[in-house]
Amino acid sequence: MRQHAFGRTSFTVSEIGFGAWQIGGSWGDVSEADGRAALEAALDAGVTFIDTADVYGDGRSEKIIQSVLAAHGGNRPMVATKAGRRLSPHTADGYTKANLEAFIDRSLANLGVETLDLVQLHCPPTEVFYRPEVFGALDDLRQAGKIQSYGVSVEKVEEALKAIEYPDVVSIQIIYNLFRQRPADLFFKEARRKNVAVIVRVPLASGLLSGKINRETAFAADDHRSFNRHGEAFDVGETFAGVPFEVGLQAVEEVRKLVPAGASMAAFALKWILMNEAVTVVIPGARNAEQARSNAAAADLAALCDDVMTAAREVYARLIAPHVHQRW
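So, here is what we can say about the structure in this document. Just so you know, these numbers come straight off a predicted model, no measurement behind them. Positions within a chain are numbered from 1, following the residues in the order the chain's sequence is written. Since the coordinates come from a predicted model, pLDDT governs what is reported: local features require at least 70, and pairs of side-chain atoms require 80 or more to be given and counted, while whole-chain, interface and lining totals use all residues. Excluded from the side-chain calculations are hydrogens and water; all other atoms, namely the structure's heavy atoms, are used.

## Focus: the sheet that holds strand β6 (residues 118–122)
Now for step 1: Strand order in the open sheet formed by eight strands is β3-β4-β5-β6-β7-β8-β9-β10, and the pairing between neighbours is parallel. What marks the edges here is a single partner per strand, and that holds for β3 (18–19) and β10 (281–282).
Now for step 2: By the bridge criterion, three bridges tie strand β4 (residues 49–51) to strand β5 (residues 78–83) in an arrangement that is parallel. Counted as the bridge partner of I50 is V79 from β5.
Now for step 3: Docked against the sheet, helix α3 (residues 97–111) engages β5 and β6, running at close to 145° with respect to β5. Should DSSP find at least two bridges between two strands, the strands are taken to pair. Only DSSP runs of H or I reaching four residues or more are called helices, and only runs of E reaching two or more are called strands; each is numbered from the N terminus. Should any heavy atoms of two residues lie within 4.5 Å, those residues are counted as being in contact. Every axis corresponds to a line fitted to the C-alpha atoms, with the helix fit spanning only the stretch in contact, and the corresponding angles, defined between N-to-C directions, vary from 0 to 180 degrees.

Next comes the structure, spelled out in structure tokens:
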């Protein structure tokens, strides 16, 4: 698996990482045993970047990561977590140094470390990006030794562009996939110019781009694909990449025609993301070891040809862009 420098930090990470939302919660019933097995399989496959958050299972994800890494041995991967979503209400005024430090202290304990490799503001309200004091607080916490570096997980391209105006933001986590192509228009160019690491989340559009979901697929009541279809719990862009379900299914059938023989649609979708040189690491989730191994294997696919890339852009422009392009 190819390794990429993580922006301006000292870390080098695998191009395919491990997104640990699924082993925390909001994806139906994923047992702790399955969650551990998924992470172990990813590590065995060469994954060296793990992304989690303090709210994934109210700390469950972070604790599983701590336990697995303690038992796994070998070189420790880079572990990124997030802070801010424990606020209730989740408002810009809550992003104080005291609150951020409390969240970071909790993550330090959950992950069993003295310093966090990377802490990311967790999709904060847009107003936060216009408050330099929030980023000043992160500078203070870095100087105190509690975090090695910091970045931001964003919902919108505009937020990403604003965030990287702050000189010590080393990474941006953003949704980018076959159904959310706007980041490549301007943001990726600016990220490369400033040597900012790009972490791509929701790469399979909540499973739509696995090609295994259809109109009859049933989701558990505690799966966000059931309870957040219209943004009832958090930004709708996090569920099916914000694409209306029926439209997404139609587009999937168009994308299926582009998948090379012998490759899975999920592997194709991940490889499509990695074709953009601005992407540092993509973080698909996994419910079990088989999914984790399948995700990692996408790194072995041959580069996609220009005709396929053009056809993928055409499907997006015709079916998907009218629903998502200007929203995020």
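## Digging into the packing of α3 against helix α4 (residues 132–143)
Angle between the axes and distance between the axes are the two parameters that describe a pair of packed helices.
Now for step 1: It is the contact of α3 with α4, at a shortest axis distance of 9 Å, that shows an interaxial angle of 45°. Classed by the angle they form, the pair α3 and α4 counts as oblique. As for how α3 packs across α4, the hand of that crossing is right-handed. Residues K97, L100, E101 and I104 of α3 pack against V134, A137, L138, D140 and L141 of α4.
Now for step 2: Any residue outside Ala, Val, Leu, Ile, Met, Phe, Trp, Tyr, Cys, Pro, Asp, Glu, Lys and Arg is labelled polar, Gly included; the first ten of those are nonpolar and the last four are charged. Split into classes, the residues belonging to the contact of α3 with α4 amount to six nonpolar, no polar and three charged. Angles below 35 degrees are treated as roughly parallel, those above 145 as roughly antiparallel, those between 65 and 115 as roughly perpendicular, and all remaining angles as oblique. Definitions for this section: a left-handed crossing has its near helix turned counterclockwise from the far helix by less than a right angle. A right-handed crossing has that turn clockwise.

## Quick word on the pairing of β5
Now for step 1: Of all six residues in β5, six are buried; the element is thus mostly enclosed.
Now for step 2: Relative accessibility decides the category of a residue: with a 1.4 Å probe and only protein chains considered, values under 20% of the type maximum give buried, values over 50% give exposed, and everything between is partly exposed. Burial along β5 is two-sided: M78, A80 and K82 facing one way and V79, T81 and A83 facing the other are all buried.
Now for step 3: Crossover connection from β4 via helix α2 (residues 60–72) to parallel β5: handedness right-handed.
Now for step 4: Here β5 runs beside β6; their pairing, made up of four bridges, is parallel. Residue pairing across strands places T81 opposite V119, the latter belonging to β6.
Now for step 5: A crossover links β5 with its parallel partner β6, the connecting element being α3, and its sense is right-handed. Handedness rule for crossovers: strands pointing away from the viewer, path from the first strand over the helix to the second running clockwise, crossover right-handed.

## Digging into the packing of helix α8 (residues 245–256) against helix α11 (residues 306–324)
Now for step 1: With their axes 10 Å apart at the nearest point, α8 and α11 run at an angle of 165° to one another. In this view, α8 runs roughly antiparallel relative to α11, as classed from their interaxial angle. The two elements α8 and α11 meet at a crossing, and its hand is left-handed. Only V315, R318, L319, I320 and H323 of α11 make contact with α8, whose side of the interface consists of V247, Q250, A251, E254 and V255.

## Quick look at α8
Now for step 1: Helices are assigned an expected span. That span is 1.5 Å times one less than the residue count. The terminal C-alpha atoms of α8 lie 16 Å apart, and with 12 residues this matches the ideal 16 Å at 1.5 Å per residue to within 8%.
Now for step 2: Among the residues of α8, those classed as buried are F245, V247, G248, L249, A251, V252 and V255.
Now for step 3: Contacts from the buried residues of α8 go to α9 (265–274) and α11.

## Concerning the nonpolar core
Now for step 1: Counting 103 residues, the largest nonpolar core has F18, I172, F179 and F187 as the members making the most contacts within it.
Now for step 2: Ranked by size, the runner-up nonpolar core spans 12 residues in total, among them F6, F11, V170 and I199. For our purposes a nonpolar core is just a set of buried Ala, Val, Leu, Ile, Met, Phe, Trp, Tyr and Cys residues, chained together by side-chain atoms within 4.5 Å.

## Topic: helix α10 (residues 289–297)
Now for step 1: Where α10 is concerned, the buried positions are A289, A292, N295 and A296. Around the axis of α10, the buried residues are gathered within 125° of arc, so they sit on the same side.
Now for step 2: Structurally, α10 contributes buried residues whose contacts are with α1 (32–44) and α9.
Now for step 3: Contacts described as polar in this section are N or O atom pairs within 3.5 Å, which, within protein, must combine one atom able to donate a hydrogen with one able to accept it, while residues neighboring in sequence count only if both atoms come from side chains. Measuring from the backbone nitrogen of E290 back to the side-chain oxygen at the start of α10 gives 3.2 Å, which picks out N288 as the cap. This arc corresponds to the set of directions leading from the helix axis out to the C-beta atoms.

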